[in-house]
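A look at the structure
The residues making up each chain are set out below.
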Amino acid sequence: MRNELTFCNKIVNFASVVPLEKCYRYAGNILLKNTLMVFTYHDVSSDPSEFSRTFDLNTSPDVFDYQMRFIADEFNIVSPDDLLENRLPEKAALITFDDGFESYFRKAIPILEKYRIPSIIFLNMSPIKGSVFWAGLITYLCEKREDFKEYLLGKSLGNLRKKTLFLSCDRRLVKAYLDRTDDDLHEEVSKYVGRFATEKELAEASVNSLVYYGNHLFKHDVPLLLSDEELLSSYSRNREELMKYANYRDMFSFPFGQPGTCFFRKQADLLIENGVKKVFNTSGKLNREMGSSCLNRLSLSDSNDTKGKIWLKIFYQMFKGQIMY
Ligand SMILES: [Zn+2]
């Protein structure tokens, strides 16, 4: 999942009433000439879970289809292997997914196949193997349980922000809270989060030449709260599971994705020193250094449902703030 403000979507929706699609396209051809744009998705569903709706993680199948057609028309889409072997054309684009929702396998793959678009999905294997989805559990507790919020706020954890309280939820704190309650939250959280893919679905899709798997930590912890040893251990545990599939590549996307608030740059360096070939964040920026080991990604959402809105989202992110990598 990602942690992104929706302010830019409001700007994009406002600006997109201007009928300037040809101008946007012309500007895109100039501004994006020697760049790599990495798009990221989570859920592609016509009936998204509360978790996906709350964090703006869903794209409806119709809008996803529209966005894929747009990207295929406007960009030169590359595969993860093209990226690893530095075969990058002008105006390159890569399609990525995070987490491992069932909807990728059931809804997104058929649309991607229709346009012959390769994609990589960064998986955390713990919920796929039946455990509770950690990101779902901590967001559920922060959204739904007043006593948990009070418990967290009572821990003097420093400058906590109400909207992103879950980023302070390390395992020890959550375990100590859960030990005090008799509630079995597994079923409630699973319903809140929605369905994950099964290992059977992973095995079936692993022979699809358009589908690649990458690493998203075993349990989707907040990376910033992990020690170096914990980060590497979670990465390796997940890699062990994913190595069963021939389409696995040593590429990694940071859970929650935002540089600075969710992970440190030195953690990206540590992963690269330990064999990861490409590390992705969700900063929203495009990539001017196409061959870099650390790459930015942009999330398109359900509200980006016209060419104008997609272009404006791209341009808005291009010029917003500092480029982190
Ligand atoms: Zn994630």
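What counts, and at which threshold
Residues numbered from 1 in each chain as written. Predicted model: local features only at pLDDT ≥ 70, side-chain atom pairs only at ≥ 80, totals over all residues. Helix = DSSP H or I, 4+ residues; strand = E, 2+ residues; numbered from the N terminus. Buried ≥ 20, exposed ≤ 12 C-beta atoms within 10 Å, placed from the backbone. Axes fitted to C-alpha atoms, helices over the stretch in contact; angles between N-to-C directions. Parallel < 35°, antiparallel > 145°, perpendicular 65-115°, else oblique. Contact = placed C-beta atoms within 7 Å. Core = buried A, V, L, I, M, F, W, Y, C linked by C-beta atoms within 7 Å. pLDDT = per-residue confidence, 0-100.

As for unusual backbone geometry
Of note in this structure, K91 is not a glycine but carries a positive phi near 50 degrees. Within the secondary structure, K91 is located in the loop between helix 5 (80-84) and strand 5 (92-99). By C-beta crowding, K91 is classed as partly exposed, having 18 other C-beta atoms within 10 Å. Here H220, not a glycine, exhibits a phi torsion of approximately 60 degrees, which is positive. Relative to the elements of secondary structure, H220 occurs in the loop between strand 7 (211-215) and helix 13 (228-242). In this structure H220 comes out as buried when scored by C-beta crowding, with 26 C-beta atoms within 10 Å.

Describing the packing of helix 8 (residues 134-144) against helix 11 (residues 186-193)
Remark: helix 8 packs on helix 11, axes separated minimally by 9 Å, with the N-to-C direction vectors making an angle of 100 degrees. By the angle between their directions, the pair helix 8 and helix 11 is classed as roughly perpendicular. Along the contact surface, helix 8 presents G136, L137 and Y140, while helix 11 presents V189, Y192 and V193.

Focus: the environment of S303
Within the fold, S303 resides in the loop between strand 11 (298-299) and helix 15 (307-319). Residue classification places S303 among the partly exposed positions, given that 17 C-beta atoms sit within 10 Å. Considered as a pair, S303 and T59 are 244 residues apart in the sequence and their alpha carbons are 8.4 Å apart.

Considerations on the nonpolar core
One finds M37, V38, F39, A93 and Y104 to be the most contacted residues of the largest nonpolar core, which totals 80 residues. Per-element accounting of this core gives the leading share, 6 residues, to helix 8. Among all residues touching M37, those that are not within four sequence positions of it are L32, F75, A93, L286 and L298.

Concerning the confidence of the model for the chain
Looking at the chain, the pLDDT average stands at 89 and 90% of residues meet or exceed 70. Under a pLDDT of 50 for its full length, residues 321-325 has, in the predicted model, 9 contacts with residues more than four places off or in other chains.

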